[in-house]
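Listed here are the chains, written in short residue letters.
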Amino acid sequence: MEATVLTEHQVPAWLLVGGLRLNHERSDSKLHLYVGFPTPDWSITFDEQTTTHVTTDTGTEIRNVVVTDVDAALSRIDRPSPLEHTPLPLVIADHEHMEALLKALADLASVRPDNTTAPAPGTDRRRQVERRITAKVGPALLHFTLGLDNRRRSTPTDDEIFNLPDGDDAASKANKVGGSATASQAPPTRPETVATVLDALTKRQRTNLRRQAEELVDASEEWPLPAKLAVSRLMLTLIAGGLWADETDWTDLLYRVVLQLWLTDQQESLNDEHASLATIGLVALRTGIDRQDEPNNRLIADFDQLRQTYIDWIDWLEAASEETIRRYATGLNGHTLGVLFAQTDFTAELRSIVRRSALDDAVDRLAGARLDGSVVRIAPGRTARKAVIAALDALRDFPDVHVVSADEPAVHGWWNGRRLLLVTRTGASWRAEVWTQLMTGIAAYSRGTPLRPPDRRWTASGPNDARDSAPR
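Residues numbered from 1 in each chain as written. Predicted model: local features only at pLDDT ≥ 70, side-chain atom pairs only at ≥ 80, totals over all residues. Heavy atoms only, no water.

Quick notes on the sheet that holds strand β2 (residues 14-17)
Hydrogen bonds between backbone atoms are what pair the strands of a sheet, whose relative direction is either parallel or antiparallel. Sheet architecture is open: six strands sit in the order β1-β4-β3-β2-β5-β6, paired in antiparallel fashion. Two strands bound the open sheet, and with one partner strand each, they are β1 (2-6) and β6 (61-66). Within the sheet, the average angular offset between the axes of one strand and its neighbour, ignoring direction, is 35 degrees. In this structure, strand β3 (residues 20-28) lies alongside strand β4 (residues 31-35), joined through five bridges in antiparallel fashion. Opposite Asn23, over in β4, you have Val35 as the bridge partner. (Pairing = 2+ DSSP bridges. Helix = DSSP H or I, 4+ residues; strand = E, 2+ residues; numbered from the N terminus. Axes fitted to C-alpha atoms, helices over the stretch in contact; angles between N-to-C directions.)

A word on unusual backbone geometry
Here the phi dihedral of Asp400 falls at roughly 60 degrees; this positive angle occurs in a residue that is not glycine. On the secondary structure map, Asp400 appears in the loop between α19 (384-394) and β9 (402-405). Judged by its relative accessible area of 28%, Asp400 is partly exposed. Located in the positive-phi region is Gln437, a residue other than glycine, with phi close to 60 degrees. (Buried < 20%, exposed > 50% of the residue type's maximum accessible area, 1.4 Å probe, protein only.)

Things to note about the environment of Leu31
Mapped onto the elements, Leu31 comes out in strand β4. With relative accessibility at 40%, the residue Leu31 sits in the partly exposed group. Separated by 26 residues in sequence, Leu31 and Val5 have C-alpha atoms that sit 5.7 Å apart. Setting aside residues up to four positions removed in sequence, Leu31 forms contacts with Thr4, Val5, Leu6 and Arg26. (Contact = heavy atoms within 4.5 Å.)

Details of the pairing of strand β10 (residues 411-415)
Among the five residues of β10, five are classified as buried, and the element is accordingly described as predominantly covered. Residues Val411, Gly413 and Trp415 line one face of β10 and the alternating positions His412 and Trp414 line the opposite face, and both faces are buried. As paired elements, β9 and β10 share two bridges and run antiparallel to each other. The partner of Val403 across the bridge, within β10, is Gly413. Taking the residues that link successive antiparallel strands as the turn, the β9-β10 hairpin has five residues. Summarising the sheet, β10 and strand β11 (residues 420-426) pair through five bridges and their orientation is antiparallel. Note on β11: the bridge partner recorded for Trp415 is Leu420.

Quick word on the packing of helix α13 (residues 271-291) against helix α16 (residues 322-329)
Orientation of α13 relative to α16, taken along the N-to-C sense of each, is 55 degrees, at an axis distance of 9 Å. The angle between the axes of α13 and α16 places the two elements in the oblique class. Between α13 and α16 the crossing geometry is right-handed. Here Asp272, Glu273, Ser276, Leu277 and Ile280 of α13 lie close against α16, whose contacting residues are Thr324, Ile325, Arg327, Tyr328 and Ala329. Class assignment of the residues belonging to the contact of α13 with α16 gives a composition of five nonpolar, two polar and three charged. (Parallel < 35°, antiparallel > 145°, perpendicular 65-115°, else oblique. Left-handed = near helix turned anticlockwise from the far one by under 90°. Nonpolar A, V, L, I, M, F, W, Y, C, P; charged D, E, K, R; others polar.)

A closer look at the sheet that holds strand β13 (residues 456-460)
Reading across the sheet, the seven strands line up as β7-β8-β9-β10-β11-β12-β13 and stay open at both edges, with mixed pairing between neighbours. Each edge of the open sheet is held by one strand with a lone partner, namely β7 (369-372) and β13. Within the sheet, the average angular offset between the axes of one strand and its neighbour, ignoring direction, is 20 degrees. In this sheet, β13 lies alongside strand β12 (residues 429-435) in antiparallel orientation, the contact comprising five bridges. Within β13, the residue paired with Val434 across the bridge is Arg456. Most of the contacts of α19 go to β10, to which it runs at about 30 degrees, and overall it touches β8 (375-378), β9, β10, β11 and β12.

Some details on helix α14 (residues 297-311)
With 15 residues, α14 ought to run about 21 Å at 1.5 Å a step, and its terminal C-alpha atoms sit 21 Å apart, in line with that. Inspection of α14 places Leu299, Ile300, Asp302, Phe303, Asp304, Leu306, Arg307 and Tyr310 among the buried residues, and these make up the whole buried set. Here the buried face of α14 lies against α12 (247-263), α13, α15 (314-318), α17 (346-355) and α18 (358-364). (Expected span 1.5 Å × (residues − 1).)

Observations regarding the pattern of salt bridges
In this structure the tally under the stated criterion is 25 salt bridges. Between Asp304 and Arg307 there is a salt bridge; the shortest N-O distance is 3.0 Å. Separated by three residues within a single helix, Asp304 and Arg307 lie in helix α14, roughly one turn from each other. Overall, the relative accessible area of 15% leaves Asp304 in the buried class. Classification of Arg307 by relative accessible area gives buried; the value is 3%. (Salt bridge = Lys/Arg side-chain N within 4 Å of Asp/Glu carboxyl O.)

Some details on the packing of aromatic side chains
For the structure on display, the rule yields four aromatic pairs. Taking the centre distance of 6.1 Å and the plane angle of 80 degrees together, the rings of Trp262 and Trp313 count as edge-to-face. Note that Trp262 is positioned in helix α12 and Trp313 in the loop between α14 and α15, a separation of 51 residues in sequence. A relative accessible area of 37% means that Trp313 is categorised as partly exposed. Taken together, a centroid distance of 5.3 Å and an interplanar angle of 80 degrees make the contact between Phe341 and Phe346 edge-to-face. A relative accessible area of 2% means that Phe346 is categorised as buried. Put simply, the rings of Trp262, Tyr310, Trp313 and Trp316 touch in pairs and so form one group of aromatic residues. (Phe/Tyr/Trp six-rings, centres within 6.5 Å; stacked < 30°, edge-to-face > 60°.)

Structure below.
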């Protein structure tokens, strides 16, 4: 058992902590180390929320001493991330700070919850994982990883420790810490945000930062969940802040981030954070895909495959608490994801995404079209026949999808890559026409090229009757 005393006054010869005597071991300026050897039946809880009373050899009682483990305490001095002393926007703005953050993330990757030992009595796996993260990279990066605010700095300066306000001398001591009264009363400047910092970067700085971010995604592919949570949150923050102006670039990168997060092994103690970030990432990715002027068919197909994998895990995703989702979404508003992105109903959006099909997405990209059950209905426009053929060509990745025009006479159509079936209302009956072996597709016919005579023409009782009786 070790205790460190920081004092300018008389140095105690020994301390009494919970009935255990700790003798003075050595001194280093104002710091004095005390050591004791507990008996097997002596115990004290190592929990940052626990305090105890310490008595010195002179009978002086030191009240409300924080009890913590040595590794966690020392990590705040020996291996802190730059977030311990610098806000994230300013870390991003400084190349050396950013390199230090990347190094801290690599250090965080050594924390593997699946390799932790069984929790000690009175503690749980979650607390054990948090303590290991703190011991490795400090509390600020722990808070960032878990989506928490980091409002307090963990290591105050000596001047702040020895000159805190106390009794009648509070005003004078406050001036020693904060400078002159005029300076301390000056209105605070508006804090930098990630977006404002990124806007101020030069073209070369932005290029270097993009390179660092892309290399981080590559390096983190096999990292365990705690580090993957931190990387995913950092990438979402950089994307939302506007580091990538081209939507194609950031959606491709975000797809990799979301996919890697999905493929990372679950840890029960971090389920809430895992599901929350996966949900936000999926919604953000869908936002980027929908905003692209030219559809990226490869990314759309990849996204649909990823969406399909989420279907079996919808209960796990929906179990994420709204509070945790909100914590992670804070700060993601902006021109990239939208000024109201953080106010999104992520649970509702998740249900919409998971329950949607690729056909839903394809119809959304088709102007004037809507999906009514399994039928695609297209708005009036060109002649009904040409409009149906154009829609069938746009939806060629969905063989035999049923397309209906809103124009009169009503036209129903099906296309499966080789066979085109059109059914047109003629008075009280329906005329069915079928073309087979159209190996070159049907795009030209939607632009006015005349179709050759049909291979078969007949009268049907209705569109479904014509479809059922048409050759496959």
